[in-house]
Amino acid sequence: MKPLIEITTVPIQIEMKTTNARLEYARGTAEMEISREKNGLSIKSRPIKINIDTFENRNSLSPTLARYLEQNAQKGHQAAYQATATYARQGQLLLETQVGQELVTQFAEEAMMKDVKTNVGLDFLPKPGPEITWDPGEINIRYEMDKMAMDWKLDKGSFEFTPGDIEFTITQRPDVVIKYIGGPLYVPPSADPNYEPLDVRA
């Protein structure tokens, strides 16, 4: 008698994928920036400065009111001093006079000669000259060389580590296949066209 059932087992299938570990190094970069500052030559010059003060000079020609009053006051004081000295000297002579001496005529002659000597009507104008001062000239020269600056920007290298990896993938699950391989079953068995009754007498 042939077997009626066929049993088949399907094994499991596993796919394994591995990734190796790796270490990567990124090289650093270097950048340089150059900047230049221009200076150059600078010259500053100041010429000589002359100061002319003509205040006293102008006052001798056309004095101000205050200066005019001051000058007249000085002349008045001087005339008073001279008159006082003249009267004192003449009084002293009068005290020492002798009989027959003509002092009045002598005084008149002295006064006339004094006027002749002093009041000549000539004068030099302007009397004081202008006051002249000056500030010396100045020159300043400044030279500065150009400046150059260099700026380095360094980027350090970096390491990057990628660890290994193992990946499992199940492509076929395990299974059991049961297959009936026998012929059809008839109920009752006598319905089978190929039925052969059993010989029970044998």
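J.: What am I meant to see in the overall build of the chain here?
T.: If you tally the helices and strands in the chain, you get three helices and twelve strands. Residue burial in the chain is summarised as follows: out of 202 residues, 3% are buried. A fraction of 92% describes how many contacts in the chain between residues 6 or more apart in sequence connect residues 24 or more apart. Surface exposure of the chain reaches about 18900 Å², of which carbon and sulfur atoms provide 57%.

J.: How should I be thinking about a nonpolar patch on the surface in this particular structure?
T.: On the surface, a nonpolar cluster with roughly 730 Å² of combined accessible area is contributed by Leu4, Ile5, Ile7, Val176, Ile178, Tyr180 and Leu185. Elements with a minimum of two residues in the nonpolar patch: β1 (5–10) and β12 (175–180). The leading source of residues in the nonpolar patch is β12, at three residues. By the element assignment, Leu185 lies in the segment after β12. The class of Leu185 is exposed, set by a relative accessible area of 70%.

J.: Please clarify how the pattern of salt bridges should be interpreted in this entry.
T.: Pairing between side chains of opposite charge can happen when their charged atoms approach one another. A full pass over the atoms with the stated rule returns five salt bridges. Taking the shortest distance from any N to any O, the salt bridge between Arg36 and Asp146 comes out at 3.0 Å. Placement of Arg36 in strand β4 (residues 30–37) and of Asp146 in the loop between β8 (138–144) and β9 (147–154) is noted, with a sequence separation of 110 residues between them. For Asp146, a relative accessible area of 36% translates into the label partly exposed. The closest approach of N and O atoms between Glu138 and Arg46, which form a salt bridge, is 3.3 Å. Linking Glu138 in strand β8 with Arg46 in strand β5 (residues 40–46), this pair joins segments that are 92 residues apart in sequence. Residue Glu138 is classed as partly exposed on the basis of its relative accessible area, which comes to 45%. For Arg46, a relative accessible area of 47% gives the class partly exposed.

Conventions and cut-offs
- Residues numbered from 1 in each chain as written.
- Predicted model: local features only at pLDDT ≥ 70, side-chain atom pairs only at ≥ 80, totals over all residues.
- Heavy atoms only, no water.
- Helix = DSSP H or I, 4+ residues; strand = E, 2+ residues; numbered from the N terminus.
- Buried < 20%, exposed > 50% of the residue type's maximum accessible area, 1.4 Å probe, protein only.
- Contact = heavy atoms within 4.5 Å.
- Areas by Shrake-Rupley, 256 points an atom, 1.4 Å probe, with all protein chains shown as cover.
- Patch = residues over 30% accessible without salt bridge, like charges linked within 9 Å, V, L, I, M, F, W, Y side chains within 5 Å.
- Salt bridge = Lys/Arg side-chain N within 4 Å of Asp/Glu carboxyl O.

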